[in-house]
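So the chains spell out like this:
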Amino acid sequence: MTTRILLIEDDQELSELLSEFLALENFEVDQAFDGEQGLNMALNGHYDALVLDIMMPKMNGLDLLKKFRTNHKTPVLMLTARNDEVDRIVGFEMGADDYLPKPCNPREIVARIRAILRRVEMDKAGMQASGSRQVMVREDVELNHNTRIVSKLGEALDLTSTEFNLLASLLENAGQVLSKEELTETALGRKLALYDRSVDMHMSNLRRKLGPFSSDEPRIKTIRGVGYQYVIND
């Protein structure tokens, strides 16, 4: 089956370059050159993934992502200015799956798209293979692999797919330290790159949504220089 990509990028020369490269890698690519056009195409088309620039006319990428995420789960690879970490943090909060700083190598975009799509397929396979026993409960948090819903004290939490995968790994290994390398492969479907803070940003959002234990102790502990640990609250 053909993999359909929507590339939303206002730099038409760059967009054409990326589209030609993606086509050589057997992707079918549609292009949008401003935020309003991109949102309309994303909402009305059937795409396997979106590649989304942040700085665009008519509607910026963050506003587009917020509107799109209201009813759509299609994975989104966000393109950001190289040094603008604020955009990356806000993008993850809005539901971006991964990011790349600009300028970026077209081969890296292809690799990131394929990693996202592999993870999506793994998620689907996990849902199909899971049975009723695939419900994990840790204190007041319940994670259901069948429905991919996480609830705290019976109330569903609005987690992204990446946040769900991170939490699933942490709960399955509660009390153990998981490295950033392990978590990157589990949640993002790719190897950890040098200076890559994607997992840190996703983990920050996950912590905020989960909140601390009733004792105000953090649920997820940072092990400096190593990774993260879901705390067993005895």
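Residues numbered from 1 in each chain as written. Predicted model: local features only at pLDDT ≥ 70, side-chain atom pairs only at ≥ 80, totals over all residues. Heavy atoms only, no water.

Across its full length, the chain holds 8 helices and 12 strands. Here the chain has a C-alpha radius of gyration of 18 Å; the compact-globule value for 234 residues is 17 Å, and the two agree. The dimensions of the chain, computed from C-alpha atoms along their principal axes, are 60 × 35 × 30 Å. When the accessible surface of the chain is summed, it comes to about 12,100 Å², and 49% of that surface belongs to carbon and sulfur atoms. Distance between charge centroids for the chain: 4 Å, based on 29 positive and 38 negative side chains. (Helix = DSSP H or I, 4+ residues; strand = E, 2+ residues; numbered from the N terminus. Rg over C-alpha atoms; globule rule 2.2 N^0.38 Å. Areas by Shrake-Rupley, 256 points an atom, 1.4 Å probe, with all protein chains shown as cover. Lys, Arg positive; Asp, Glu negative; His and termini not counted. Charge placed at Lys NZ, Arg CZ, Asp CG, Glu CD.)

A few words on the packing of helix α2 (residues 35–44) against helix α3 (residues 61–68). It is at 10 Å that the axes of α2 and α3 come closest, and there the two elements cross at 25 degrees. As far as their axial angle goes, α3 and α2 are roughly parallel. You can see that α2 and α3 cross each other, and the crossing is right-handed. Seen from α2, the contacting residues are G35, G38, L39, A42 and L43; seen from α3, they are L64, K67 and F68. Split into classes, the residues belonging to the contact of α2 with α3 amount to 5 nonpolar, 2 polar and 1 charged. (Axes fitted to C-alpha atoms, helices over the stretch in contact; angles between N-to-C directions. Parallel < 35°, antiparallel > 145°, perpendicular 65-115°, else oblique. Left-handed = near helix turned anticlockwise from the far one by under 90°. Contact = heavy atoms within 4.5 Å. Nonpolar A, V, L, I, M, F, W, Y, C, P; charged D, E, K, R; others polar.)

Let's shift gears to the side chain of S19. Topologically, S19 is positioned in helix α1 (residues 12–24). A distance of 3.5 Å separates polar atoms of two side chains, one belonging to S19 and the other to Q31. Once residues within four sequence positions are removed from consideration, S19 is found in contact with L7, V29 and Q31. (Polar contact = N/O pair within 3.5 Å; in protein donor to acceptor, adjacent residues only side chain to side chain.)

Between helix α7 (residues 180–188) and helix α8 (residues 198–210), the least distance of the axes is 10 Å, while the angle of their chain directions is 75 degrees. Looking at the two axes, α7 sits roughly perpendicular to α8. Listed contacts from α8 to K180, L183, T184 and L188 of α7 are S198, V199, D200, H202 and M203. Classifying every residue of the contact of α7 with α8 gives 4 nonpolar, 3 polar and 2 charged.

A few words on the nonpolar core. Ranked by internal contacts, the top residues of the largest apolar core, which has 24 residues, are L143, L167, L170, M203, L206, I220 and Y230. When contributions to this core are tallied by element, the ones reaching two or more residues are β7 (141–144), α6 (161–172), α7, α8 and β12 (227–230). A per-element tally of this core places α6 first, with 6 residues. Those residues in contact with L143 that lie beyond four places of it in its chain are Q134, V135, M136, I149, V150, F164, L167, A168 and L171. With 22 residues, the next largest nonpolar core counts L6, M59, L65 and M78 among its residues. (Core = buried A, V, L, I, M, F, W, Y, C linked by side-chain atoms within 4.5 Å. Buried < 20%, exposed > 50% of the residue type's maximum accessible area, 1.4 Å probe, protein only.)

What follows covers the environment of M41. Structurally, M41 can be placed in helix α2. In the structure, M41 is positioned 10 residues away from Q31 in sequence and 9.0 Å away in space, judged by C-alpha atoms. Once you skip the residues sitting within four places of it in the chain, M41 turns out to touch L6, D30, Q31, A32 and Y47.

In the sheet, strand β10 (residues 177–179) pairs with β12 via 3 bridges, with the strands oriented antiparallel. What sits directly across from L178, in β12, is Y228. Where strand β11 (residues 220–223) meets β12, 4 bridges bridge the pair, whose relative direction is antiparallel. Within β12, the residue paired with T222 across the bridge is Y228. (Pairing = 2+ DSSP bridges.)

These results come straight from atomic positions and should not be treated as a statement about function.
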